[in-house]
Amino acid sequence: MVRFEDIIEKVASYSTSADLDVIKKAYVFSAKVHEGQTRLSGEPYLSHPLEVASILAHLKMDASTVATGLLHDTVEDTLTSVEKIEGIFGKEISSLVDGLTKISRMTFDKKEDREAENFRKMVLAMAKDIRVVLIKFADRLHNMRTLSALDPAKQRQIAQETLDIYAPLAHRLGVGWIKAELEDMAFKYLEPEKYGFLEERLEKEKKEREGYIQGVKAAIEAKLKENEIKGDVTGRVKHLYGIFRKMVRDDVEFENIHDILAFRVIVGTVSECYAVLGIIHSGWKPVPGRFKDYIAIPKPNLYQSLHTTVVDENGERMEVQIRTDEMHRVAEYGIAAHWKYKEGHAPESKGDAGFAWLRQMLEWQKDMTDSFEFLESFKVDLFPEDVFIFTPKGDIKVFPVGATPVDFAYAIHTDIGHRCAGAKVNGKMVPLKYRLRSGDVVEIIASPSHKPSKDWLNFAATSKARAKIRQWIKTEEREESLTLGREICEKGFKKYDLEFGKFVKSGEVERAAKEAFGLQGVDDILVNIGYGKISVSQFISKVVPAAKLAAKQQKSIFTFRNVIDRFKSAKPHPAAGVVVTGVDDVMIRFAKCCNPLPGDDIIGSITQGQGIAVHVRGCQNVLGIDMDRQIDVEWDKGEGLARPVTIEVICRNEKGLLAEMSNAIKNADANISSADVKTTNDNRAVCTFEVEVKSAQHLKNVINSLKKIKKVVKVERIKGGGAGDGEKRSART
């Protein structure tokens, strides 16, 4: 356990004006309220806040932040109140503790809803004060370091969340060392066999590699001395997850990964950076296409450095990064290096260009009423790599890998995005789903009569583009439902020889909307009738006199809800095993775009003429549908029907391996419906199996069984994609 005295010494070493008394007071208070509490590992609970505070001190945070690290769990896990914290430590620290506590204390019916809303709250809190997310990083980092105390299922859940959210967010905010450590620890629990394999291979060659590093380091230092440049040279092996990701991305074995070594040269000035680059290229042969100038074009997280990959006389590759001391500080501490605090005051540098990404995300989230949609959109902007695109005037815009001309159009202006009819890249016409590459010059062709397409959601990559497309679609759907609802009401009232318009003018419709249905007004009731959330018969009963209702029996009128009624008992249920909240005996079908399995978190969408479509919550096709057309559904726990699902296995093309994979699937108690095998030029095989499984957990068992085969490189569940279910996309399981 870290010593409190070490924390105090560390803070004093970088801040002579730090209020060490408030840190000492926080330590005493935390020790008192956590007394007697232990962690699952058996350690005293106080060890956790001490470790969190130590990490924050390593980030060179101010005294208030370090004190909050010691206090961050006091309100959540003890009888302490936020008011008490404020009374003892003041408004600044109590506000930070309160922000962290609100994130943790939210309760939801479903785990995914909780995670999505917690993340949204964290983003909103960090916009108010970036220190909130830095404390969350420290908290998550120590929890990952002690993850072995939890059961395997919980380990995988936390590790996956860390890999999906926290590590990319640490990268986006520039805290490189936290990102790397989080990735490696998540990798350890998600892929223990592959992690162990890589760790063992690196350990075997450790001495030889350390000797090589020392040799290259000495050679670079000698060349710097020859040119009278003072610099600090270090060498290291790239972190395990980075090596693994490269193996998967390039589809190669460990033996074929040649650039696992990285060297860093830190000098005093920018001009010396470019001078060192010339020295490196004169001593070693540069690899074409592997030079990146992040000094001239910094990354969105303000990272600056020169990157080049060179080859020695034996053909060994190595990456060299060249930067100044200040650039290195930013690379190590990221956003923590930029945000300065005055006691009791807000951050000074909110206008810094490095936070434009965060400010934009907060603007876009205002258009998203659903937290799950916000989380999915935010994940898009956490991509670890960027592409740099030029406007026709030479301005540079940064996008995530996979961005398209549609993303570019919305980045210019929302109206340009809505009216985007085509695009030219480097002077040539390209499809709107063309994936942009660094250096592309993009010109958008806009048409006043053009409108966004729902299909754009299948390839748009940025949060802004996706949010604006969804907003437009929802507005259009609302207008259509408003028109449909009015038509339904006019026909319904006409059957009683009444004019709907007169009831609107009299205020009866608005009164019924507010009093009987809790809606805002006439438009809201019409939209709900158009969607099928409220039947026209329900509405008429609230505004038409009872005598009129008794005099003439109302006929069936079309709405989305009536569509549901039409399909009750009309056809066999192809999606048996799903229960629709508030509706019995209704036609249900599984959406092919995401092919949900028992155990997946699911949501239903009301369709016209086809009952209810069941999607995996978070499916891109659901995120584009207005929430008024969504309906809660859940799996019937009494059902255990097997459903087909497609998995893709990439493996070595060797005799007997197909039989081995078939046995692995059989041993996982699953049946193979069909199989297709294709070989590649690099002696690989791509095997596609359709297997019958009873749940998402059953599918995981099948995948894990296949992963145990040594010659299997990758296993993925394949989901259908696109509005027409024609395009396929893979999803990590």
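This structure is a prediction, so every number in the text was calculated from the model and none was measured. (Residues numbered from 1 in each chain as written. Predicted model: local features only at pLDDT ≥ 70, side-chain atom pairs only at ≥ 80, totals over all residues. Heavy atoms only, no water.)

Colleague: Before we move on, can you summarise the overall build of the protein chain with the specific residues and values?
Modeller: A count of helices and strands for the protein chain gives 31 helices and 22 strands. Within the protein chain, buried positions represent 51% of all 733 residues. Taking all contacts inside the protein chain whose residues are at least 6 apart in sequence as the whole, residues at least 24 apart take part in 66%. Of the roughly 34800 Å² of accessible surface on the protein chain, 49% is carried by carbon and sulfur atoms. (Helix = DSSP H or I, 4+ residues; strand = E, 2+ residues; numbered from the N terminus. Buried < 20%, exposed > 50% of the residue type's maximum accessible area, 1.4 Å probe, protein only. Contact = heavy atoms within 4.5 Å. Areas by Shrake-Rupley, 256 points an atom, 1.4 Å probe, with all protein chains shown as cover.)

Colleague: Mind laying out helix α1 (residues 4-14), listing which residues take part and the relevant values?
Modeller: Among the residues making up α1, those that are buried are F4, I7, I8 and V11. All buried residues of α1 fall inside an arc of 95° around its axis, so they share one side. Across from the buried face of α1, at angles greater than 90 degrees, the exposed residues are E9 and S13. Tucked inside the fold, the buried residues of α1 contact α2 (20-33), α3 (47-58) and α4 (63-71). (Arc of directions from axis to C-beta.)

Colleague: I'd like a rundown of the packing of helix α11 (residues 176-190) against helix α12 (residues 192-204), residues and numbers included.
Modeller: At a minimum axis separation of 5 Å, α11 and α12 run at an interaxial angle of 120°. It follows from the interaxial angle that α11 and α12 lie oblique. Within the contact between the two elements, α11 uses D184, F187, K188, Y189 and L190 and α12 uses P192, K194, Y195 and L198. (Axes fitted to C-alpha atoms, helices over the stretch in contact; angles between N-to-C directions. Parallel < 35°, antiparallel > 145°, perpendicular 65-115°, else oblique.)

Colleague: Give a description of the sheet that holds strand β11 (residues 442-446) that names residues and reports values.
Modeller: Taken in spatial order, the three strands of this open sheet run β10-β9-β11, and their pairing is antiparallel. At either end of the open sheet lies a strand with only one pairing partner, and these are β10 (428-430) and β11. Across the sheet, the mean angle separating the axes of adjacent strands is 35° when strand polarity is ignored. Judged from the five bridges that link them, strand β9 (residues 420-425) and β11 form a sheet pairing that is antiparallel. Note that in β11 the partner of V425 across the bridge is V442. In the packing of helix α20 (residues 405-412) onto the sheet, the strands contacted are β9, β10 and β11, and the crossing angle to β11 comes to about 80°. (Pairing = 2+ DSSP bridges.)

Colleague: Can you lay out the pairing of strand β15 (residues 612-616) for me, pointing to particular residues and giving the numbers?
Modeller: With five of five residues buried, β15 lies mostly within the body of the structure. Residues I612, V614 and V616 point to one face of β15 and A613 and H615 to the other, with burial holding for every one of them. Judged from the three bridges that link them, strand β13 (residues 588-590) and β15 form a sheet pairing that is parallel. Residue pairing in the sheet places F590 in a bridge with V614 of β15. Alignment of strand β14 (residues 602-606) against β15, held across five bridges, turns out to be antiparallel. Bridge pairing in β15 links I603 to H615.

Colleague: How would you explain the packing of aromatic side chains if you had to name every residue and give the values?
Modeller: What characterises a pair of aromatic rings is the spacing of the ring centres plus the angle enclosed by the ring planes. Scanning the entire structure with this criterion turns up 12 aromatic pairs. With a centroid separation of 5.7 Å and 85° between ring planes, the pair formed by F29 and F89 is classed as edge-to-face. Here F29, found in helix α2, pairs with F89, found in helix α6 (residues 82-89); they are 60 residues apart in sequence, far enough to count as distant. Exposure class is identical for F29 and F89. Each is buried. Put simply, the rings of F187, Y195, Y241 and F244 touch in pairs and so form one group of aromatic residues. Lying over the aromatic face of Y294, K299 brings its terminal NZ or CZ to 4.8 Å of the ring centre. Over the ring of Y303 we find K299, and its NZ or CZ is 5.2 Å from the ring centre. (Phe/Tyr/Trp six-rings, centres within 6.5 Å; stacked < 30°, edge-to-face > 60°. Lys NZ or Arg CZ within 6 Å of the ring centre and 35° of its normal.)

Colleague: Describe in detail the nonpolar core, supporting the description with residues and values.
Modeller: Side chains of a nonpolar character, in soluble globular proteins, are inclined to be buried together. In terms of nonpolar packing, the biggest core is built from 98 residues, with I23, F137, I178, V265 and I322 touching the most fellow members. Excluding anything up to four places from it in sequence, I322 contacts V265, C273, V276, L277, I280, I295, S305 and L306. Of all hydrophobic cores here, the second largest spans 25 residues; its members include I389, V406, Y410 and I469. (Core = buried A, V, L, I, M, F, W, Y, C linked by side-chain atoms within 4.5 Å.)

Colleague: Can you break down the confidence of the model for the protein chain residue by residue, with the values?
Modeller: When pLDDT is averaged along the protein chain, the result is 80; 80% of the residues meet or exceed 70. Here residues 721-733 is modelled with pLDDT under 50, and outside its nearest four sequence neighbours on either side it reaches 32 contacts, counting other chains as well. (pLDDT = per-residue confidence, 0-100.)

Colleague: Tell me about the side chain of E51, residues and numbers included.
Modeller: Structurally, the position occupied by E51 is in helix α3. With no salt bridge to any partner, buried E51 finds its closest opposite charge in R145, at an N-O distance of 4.7 Å. Ignoring any residue separated from it by four or fewer positions in sequence, one finds E51 in contact with M1, V2 and H142. (Lys, Arg positive; Asp, Glu negative; His and termini not counted. Salt bridge = Lys/Arg side-chain N within 4 Å of Asp/Glu carboxyl O.)

Colleague: Explain the sheet that holds β13 to me, and be specific about the residues and the numbers.
Modeller: Taken in spatial order, the four strands make up an open sheet running β13-β15-β14-β16, and their pairing is mixed. Edge positions in the open sheet fall to β13 and β16 (630-631), since each of these has one partner strand only. Where β14 meets β16, two bridges bridge the pair, whose relative direction is antiparallel. What sits directly across from G604, in β16, is I631.

Colleague: Now, about the pairing of strand β6 (residues 317-324): what can you tell me, with residues and values included?
Modeller: Counted residue by residue, β6 has seven buried out of eight residues, so it is predominantly covered. Summarising the sheet, strand β2 (residues 261-267) and β6 pair through six bridges and their orientation is parallel. Its bridge partner lying in β6, F263 is registered against V320. Strand direction decides the pairing type here: strand β5 (residues 306-311) and β6, joined by six bridges, are antiparallel.

Colleague: Can you lay out the pattern of salt bridges for me, pointing to particular residues and giving the numbers?
Modeller: Where side chains of opposite charge bring their charged atoms close, a pairing between them can arise. In total, this model carries 22 salt bridges according to the counting rule given. Of the charged contacts in the structure, one is a salt bridge between R717 and D600, with a shortest N-O distance of 3.5 Å. With R717 in strand β21 (residues 712-721) and D600 in the loop between β13 and β14, the pair connects residues that are 117 residues apart, well separated along the chain. Taken as a pair, R717 and D600 share a single burial class, namely buried.

Colleague: Requested: an account of the packing of α2 against α4, with residues and values cited.
Modeller: α4 packs onto α2 with a crossing angle of 5° between their chain directions and a minimal axis gap of 9 Å. Taken together, the axes of α2 and α4 lie roughly parallel to each other. In this structure, α2 uses V22, I23, A26, Y27, F29 and S30 to contact α4, whose residues at the interface are A63, V66, A67, L70 and L71. Its residues assigned to classes, the contact of α2 with α4 shows 10 nonpolar, one polar and no charged. (Nonpolar A, V, L, I, M, F, W, Y, C, P; charged D, E, K, R; others polar.)

Colleague: Lay out unusual backbone geometry in plain terms, naming residues and giving numbers.
Modeller: Even without glycine at this site, E228 takes up a positive phi of about 55°. Within the secondary structure layout, E228 lies in the loop between α13 (206-226) and β1 (232-237). Look at E228 and you get exposed, because its relative accessible area is 75%. Despite not being glycine, N426 shows a phi value in the positive range, around 55°.

Colleague: Explain the side chain of H72 to me, using residue names and the numbers behind them.
Modeller: Position of H72 relative to the elements: it lies in the loop between α4 and α5 (74-77). Side chain to side chain, H72 and H48 meet in a polar contact 3.3 Å long. In terms of polar contacts, H72 uses its side chain to reach the side chain of D73, at 3.2 Å. Discounting residues that sit within four places of it in the chain, H72 has contacts with H48, P49, V52, L100, T101, I135 and D139. (Polar contact = N/O pair within 3.5 Å; in protein donor to acceptor, adjacent residues only side chain to side chain.)

Colleague: Can you break down the environment of I488 residue by residue, with the values?
Modeller: Looking at the secondary structure, you find I488 in helix α22 (residues 463-494). Residue I488 is classed as buried on the basis of its relative accessible area of 4%.

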